[in-house]
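Coordinate analysis (summary)
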Amino acid sequence: MFVAEILKTKGNAVFSIAPYLTVARACEELELKRVGAMVVRDGETVVGVFSERDVVKALAADGPSALNRPVGDYMTAKVIFAEPGEAMSALMTRMTDRRIRHLPVMDGGRLVGVISIGDVVKCQIAEHAREAESLRTYITAG
């Protein structure tokens, strides 16, 4: 299965925030949107990803005062992207090797969605279920 197929099912809504918003405001947005990460954009340019993990790092580094500082101070600035034509198996490897849970999807320089590790796991479970059903059908037909 490919990234584009997952986005068709999941939808391509992308929640984003600006790098100058405070960490406290970003936490409110994460909770409001019920997501674990948001893409950080300066205009239309992706400049980072801000996740729950970044909140923990910020608080560990600077204590409660981190909540009043901008997201840009703590976001993950080295963004790893996915493309619509990539296979989910490739994403699983990339996400596991780099220990990341969210990949913004870029198509021709345009942000078109976000794939999470949960999306990858759901895809794998669905593929295994299809394979198991195919094998059951083959065994009972023979």
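Structure: see above.
Structure report, in brief. Keep in mind the model is a prediction, meaning the values are calculated, not measured.

Thresholds, definitions, all that
- Residues numbered from 1 in each chain as written.
- Predicted model: local features only at pLDDT ≥ 70, side-chain atom pairs only at ≥ 80, totals over all residues.
- Heavy atoms only, no water.
- Helix = DSSP H or I, 4+ residues; strand = E, 2+ residues; numbered from the N terminus.
- Buried < 20%, exposed > 50% of the residue type's maximum accessible area, 1.4 Å probe, protein only.
- Contact = heavy atoms within 4.5 Å.
- Areas by Shrake-Rupley, 256 points an atom, 1.4 Å probe, with all protein chains shown as cover.
- Lys, Arg positive; Asp, Glu negative; His and termini not counted.
- Charge placed at Lys NZ, Arg CZ, Asp CG, Glu CD.
- Pairing = 2+ DSSP bridges.
- Axes fitted to C-alpha atoms, helices over the stretch in contact; angles between N-to-C directions.
- Salt bridge = Lys/Arg side-chain N within 4 Å of Asp/Glu carboxyl O.
- Arc of directions from axis to C-beta.
- Expected span 1.5 Å × (residues − 1).

Broken down by element type, the protein chain carries 5 helices and 5 strands. Along the chain direction, N to C, the helices and strands of the protein chain fall in the order α-β-α-β-β-α-α-β-β-α. Principal axes of the C-alpha set define a box for the protein chain whose edges measure 70 × 30 × 25 Å. Put simply, the protein chain has 142 residues, and 37% of those count as buried. Looking at the protein chain alone, contacts between residues at least 24 apart form 54% of all its contacts between residues at least 6 apart. Total accessible area computed for the protein chain in this model is approximately 8700 Å², and 55% of it derives from carbon and sulfur atoms. For the protein chain, the separation between the mean place of its 18 positive charges and that of its 18 negative charges on side chains is 2 Å.

Strand order in this open sheet of 3 strands is 1-2-3, and the pairing throughout is mixed. Looking at the sheet topology across the chains shown, the edges are occupied by strand 1 (16–17) and strand 3 (45–51). The sheet contact formed by strand 1 and strand 2 (residues 37–42) spans 2 bridges and is parallel. The partner of S16 across the bridge, within strand 2, is V39. In the packing of helix 2 (residues 23–33) onto the sheet, contacts are made with strand 1, strand 2 and strand 3, and the angle to strand 2 comes to roughly 130°.

As enumerated under the stated definition, the model contains 8 salt bridges in all. Ionic pairing is found between E28 and R25, a salt bridge with its closest N-O pair at 2.9 Å. Of this pair, E28 and R25 both sit in helix 2, separated by 3 residues, roughly a single helical turn. Residue classification places R25 among the partly exposed residues on the basis of a relative accessible area of 35%. Between D62 and R69 there is a salt bridge, and its shortest N-O distance comes to 2.9 Å.

With that out of the way, let us pick up helix 1 (residues 3–10). Within the sequence span of helix 1, burial applies to V3, I6 and L7. Down the axis of helix 1, the buried side of the element spans an arc of 100°, and every buried residue falls inside it. Turned more than 90 degrees away from the buried face of helix 1, the exposed residues are K8 and T9. Structurally, helix 1 contributes buried residues whose contacts are with helix 4 (88–98), strand 4 (102–107), strand 5 (110–116) and helix 5 (117–141). A positive phi of about 100° marks G11, the residue just after helix 1.

A word on helix 5. Between its first and last C-alpha atoms helix 5 spans 36 Å; for 25 residues at 1.5 Å apiece the expected length is 36 Å, and the two agree. Taken residue by residue, helix 5 has D119, V120, C123 and Q124 as its buried positions. Those residues of helix 5 hidden inside the fold are in contact with helix 1, helix 4 and strand 5.

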